[in-house]
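Listed here are the chains, written in short residue letters.
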Amino acid sequence: MSRLEPVRQPLRGAVRVPGDKSVSHRAVMFGSVCDGEVVIDNFAPGADNRSTVEVFRALGAQVTLSEDARRVTVVGRGRGGLASPDAPLDCGNSGTTMRLTAGLLTGLGLEATLIGDASLSKRPMGRIVDPLRALGGELRADGERGRPPVVIEGGEAFQGGAAELAIASAQVKSALLLASLMSGRPLALTEPSPSRDHTEVMLRYLGAPVRSSAHYAQPELEGRPEVTLEAWRGTLTARPVTVPGDISSAAFLMVAAAIVPGSEVVLEACGMSPTRVGVIEALKGAAVRLVERDPRNLPGGEPVADLVVSAGPLRGFEVLPVDVPRLIDEVPILAVLAGRADGTTVFRGVEELKVKESDRLAKTAELLRACGREVEVGEDVLTVHGDPEAPYTAFRYDADHDHRMAAAAIVASLVADGPCEVSGLDSLDVSYPGLVADLESLQGREES
Ligand code: S3P
């Protein structure tokens, strides 16, 4: 149990949030099959990305990290540069590592077994195994009910073709795209609504003929978003990648700035992919004062901006199912915001939260209740009854080894009426090891 004290003064200052986790995974994976050296700047600092580095080293890629681990150099030797590993590949807590690597290895026709920690071992892999198998891929999930380990059986059986994905998931979409890319077989897929498109953006930047429908730039368009990759046997061109700040990590500081009275915080170089900014739209729906400054593009193709967020009166808001993939990882922290808003907030279509690193639907409801708020949970709806007047009640909470739940609890504790006790804070290492230090720097207290 860690003891967390409520904040005594406004949060003020500027923070450079850590590099984006999703983009960092992809840069290592795609760099490993490029035609030379890819230098990755602002690499994400968390354990999930270290898992990807170790998995690709075990596959034969040459990956070196600078002393502070923020610059990573990957030397790719094309499709032929990777080989079947001798031992199971440990993906740790990282679903992205397991699902994307499974697609890539299926396309290459290599043999491997992918394993993970206790949380990852409970997560569904049928969502990648089934569509990959439907297109000829030879792999299986050996755990109960389609859980890990994932066994890639080897052999070049992946044929490509058409896929209609049942869920909007960037991990599933990316697994199929990587199988297509590595096998040189064509792919045309659609998904129910636009999931994050970092795979498509980076593959295009590195020269692959990936095409996306306009939904990924304009998520409000009707109809199913479509992504295609023609049969292509070329090799990705090595180019430098600068990783944007992780908007999912920034979301914790944005909400902290919005709920701690008198705060004003600048978050530098945050990723602004149209497929990730659902959280910004939700914050605006809650009347959060948020200004986007200096929009620009980074090497690697991702857009960024500096975000200025200040505290002010908040109102309840509504999140619709079509918006959920664009803020899927931010629901817990948005619920913390909703608890401090005037009125009711409804998150619709949030069933996917049940199969994240923990059952985040249940764990978010538990956190808000511990804070003294009324919450209703349905099959795929979360309703939070906010109260801007009452502080959160001092709480005890178990984050269940889930990094996003731990971070959400830390932010909630800032506005509690007494010290809180939270277990499972070590899981912050997965995505945002520096969160507590960043919050302290915004209170004018640098960690020694
Ligand atoms: C991710 C996609 C999302 C997200 C996860 C990272 C990615 O998962 O929740 O944290 O990097 O592609 P799903 O694709 O399962 O929705």
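Residues numbered from 1 in each chain as written. Predicted model: local features only at pLDDT ≥ 70, side-chain atom pairs only at ≥ 80, totals over all residues. Heavy atoms only, no water.

## Observations regarding the site of the ligand
To keep it simple, the criterion reads: Note on definitions. A residue lies near a molecule or strand when any single heavy atom of the residue is within 4 Å of it. Definition of a polar contact: a pair of N or O atoms within 3.5 Å, with one able to donate and the other able to accept a hydrogen when the atoms are protein atoms, and with sequence-neighbouring residues admitted only if both atoms are side-chain atoms. Each accessible area is a Shrake-Rupley result for a 1.4 Å probe, and residues are judged covered by the shown protein chains and nothing else. Starting at the N terminus, helices and strands are each numbered in turn, a helix being any DSSP run of H or I of at least four residues and a strand any DSSP run of E of at least two. Each residue gets one of three labels, nonpolar for Ala, Val, Leu, Ile, Met, Phe, Trp, Tyr, Cys and Pro, charged for Asp, Glu, Lys and Arg, and polar for the others, Gly among them. Domain start and stop points were drawn from an automatic or database domain assignment.
Contacts to the ligand come from S22, R26, T96, S169, A170, Q171, R196, I328, D329 and K356. S22 has a polar side-chain atom sitting 2.7 Å from an oxygen atom of the ligand. Between D329 and the ligand, the recorded distance is 2.7 Å, taken from a side-chain N or O atom to an oxygen atom. In the complex, the protein chains occlude 94% of the 380 Å² of accessible area that the ligand would expose alone. Among the elements of the structure, α1 (21-31) and α5 (170-183) are those that each provide at least two residues to the shell around the ligand. A class-by-class count of the residues in the shell around the ligand yields 2 nonpolar, 4 polar and 4 charged. Two domains each provide a minimum of three residues to the shell around the ligand, namely domain 1 (2-18 + 244-442) and domain 2 (21-242).

## Some thoughts on the packing of α5 against helix α6 (residues 198-205)
How two helices sit against one another is set out by the angle between their axes and by the gap between those axes. Stated formally: For every element, the axis is a line fit to its C-alpha atoms; helices are fit only across the contacting stretch, and the angle between N-to-C directions ranges from 0 to 180 degrees. Here is the rule for angles: anything less than 35 degrees is roughly parallel, anything more than 145 is roughly antiparallel, 65 through 115 is roughly perpendicular, and the remaining ranges are oblique. The contact criterion used is simple: two residues touch if any of their non-hydrogen atoms lie within 4.5 Å.
Packing of α5 against α6 brings their axes to within 9 Å, and their N-to-C directions diverge by 30°. In this view, α5 runs roughly parallel relative to α6, as classed from their interaxial angle. Residue-level contacts link K173, S174, L177 and L181 of α5 to T199, E200 and L203 of α6. The class makeup of the residues in the contact of α5 with α6 is 3 nonpolar, 2 polar and 2 charged.

## Remarks on the packing of helix α3 (residues 95-108) against helix α4 (residues 126-134)
Here is the rule: When the near helix sits turned anticlockwise from the far one by under a right angle, the crossing is termed left-handed; a clockwise turn instead gives a right-handed crossing.
The contact between α3 and α4 brings their axes to 10 Å, and the two run at 20°. Taken together, the axes of α3 and α4 are roughly parallel relative to one another. When the axes of α3 and α4 are compared, the crossing they make is right-handed. Contact with α3, carried on its side by R99, A102, G103 and T106, involves R127, I128 and L132 of α4 and no other residues of that element. Among the residues making up the contact of α3 with α4, the classes are represented as 3 nonpolar, 2 polar and 2 charged.

## Quick notes on the sheet that holds strand β4 (residues 62-65)
What counts is decided by this rule: Two strands qualify as a pair provided DSSP detects at least 2 bridges between them.
A sheet is described by the order of its strands in space; here 4 strands give the open sequence β4-β5-β3-β14, paired in mixed fashion. In this open sheet, the two edge strands, each paired with only one partner strand, are β4 and β14 (241-242). Bridging between β4 and strand β5 (residues 72-75) involves 4 bridges; their strand directions are antiparallel. If you follow Q62 over to β5, its bridge partner there is V75. Sheet strands in contact with α1 are β3 (37-41), β5 and β14, and its direction is about 30° off that of β5.

## Notes on the packing of aromatic side chains
To keep it simple, the criterion reads: Between 30 and 60 degrees the pair is tilted, below 30 it is stacked and above 60 it is edge-to-face, where a pair is any two Phe, Tyr or Trp rings, Trp via its six-membered ring, whose centres lie within 6.5 Å. A 1.4 Å probe rolled over the protein chains alone gives each residue an accessible area, and that area as a share of the maximum for its type sets the label: buried under 20%, exposed over 50%, partly exposed in between. Here, over-ring charges are defined by two tests on the NZ atom of lysine or the CZ atom of arginine: distance to the ring centre within 6 Å, and angle to the ring normal within 35 degrees.
Per the counting criterion, the structure on display carries 1 aromatic pair. When the ring of F317 is compared with that of F347, the centres are 5.8 Å apart and the planes differ by 85°; the resulting orientation is edge-to-face. You can see F317 sitting in the loop between β17 (303-310) and β18 (318-319) and its partner F347 sitting in strand β19 (residues 343-348), a full 30 residues away along the chain. The pair F317 / F347 is uniform in exposure class, with both members buried. Just above the ring of Y205 sits the side chain of R239; from NZ or CZ to the centre is 3.9 Å. Taking NZ or CZ as reference, R340 lies 5.9 Å from the ring centre of Y392, over its face.

## Looking at the pairing of strand β16 (residues 289-297)
Each regular strand carries side chains that alternate between the two faces of the sheet. Where β16 and β17 come together, 7 bridges link them in antiparallel fashion. From the neighbouring strand, N297 faces β17, where its bridge partner is P303. As consecutive antiparallel partners, β16 and β17 are separated by 5 residues, and within that stretch G300 has a phi angle of approximately 120°, a positive value.

## Thoughts on the sheet that holds strand β23 (residues 420-423)
Strand order in the open sheet formed by 3 strands is β1-β23-β22, with mixed pairing between adjacent strands. The open sheet has two free edges, formed respectively by β1 (2-4) and β22 (396-398), since each of these has just one partner strand. Across the sheet, the mean angle from the axis of one strand to that of its neighbour is 25°, orientation sign disregarded. Taken together, the 3 bridges between β1 and β23 define a ladder with antiparallel strand orientation. Each residue of the ladder has a partner; that of R3, found in β23, is E421.

## Some words on the pairing of strand β21 (residues 381-386)
Note: β19 against β21, 6 bridges, orientation antiparallel. Bridge pairing in β21 links F347 to L382. Between strand β20 (residues 374-377) and β21, which pair antiparallel and follow one another directly, the connecting turn spans 3 residues.

## Points about the pattern of salt bridges
Selection rule: Salt bridges are counted wherever a side-chain nitrogen of Lys or Arg sits within 4 Å of a carboxyl oxygen of Asp or Glu.
Summed over all chains, the structure comprises 29 salt bridges. R404 is the salt-bridge partner of D329, the closest N and O atoms lying 3.9 Å from each other. Here R404 lies in helix α11 (residues 403-414) and D329 lies in the loop between β18 and α9 (331-338), a separation of 75 residues in the sequence. By relative accessible area, D329 is classed as buried at 11%. We classify R404 as buried; its relative accessible area is 3%. In this structure, the salt-bridge partner of R360 is D402, at a minimum N-O distance of 2.8 Å. With R360 in helix α10 (residues 360-370) and D402 in the loop between β22 and α11, this residue pair connects regions lying 42 residues apart in the sequence. With respect to burial, R360 and D402 carry one shared label: buried. Salt bridges sharing partners connect three or more residues here, namely R123, R196, D329, E357, R360, D402 and R404.

## Brief notes about the domain arrangement of the chain
When the parts of a complex come together, some accessible area is lost, and that lost area is often used as the size of the interface. Rule in force here: Note: buried area is the sum, over both parts, of the accessible area (probe 1.4 Å) each one loses when the two are combined.
Assigned domains within the chain: domain 1 (2-18 + 244-442) and domain 2 (21-242). Once you take the C-alpha centre of each, domain 1 and domain 2 turn out to be 28 Å apart. Tallying the contact residues gives 29 residues for domain 1 and 32 residues for domain 2. Of all residues in domain 1, the largest losses of buried area upon contact with domain 2 belong to T275, E357 and V430, amounting jointly to 19% of the total for that side. Counting across the interface, domain 1 meets domain 2 through 4 salt bridges. D329 serves as the salt-bridge partner of R196, at 3.2 Å between the closest nitrogen and oxygen. Summed over the shared surface of domain 1 and domain 2, the result is 13 residue pairs in polar contact (both at pLDDT 80 or more). When grouped by side-chain class, the residues that make up the side of domain 1 that touches domain 2 number 11 nonpolar, 7 polar and 11 charged.

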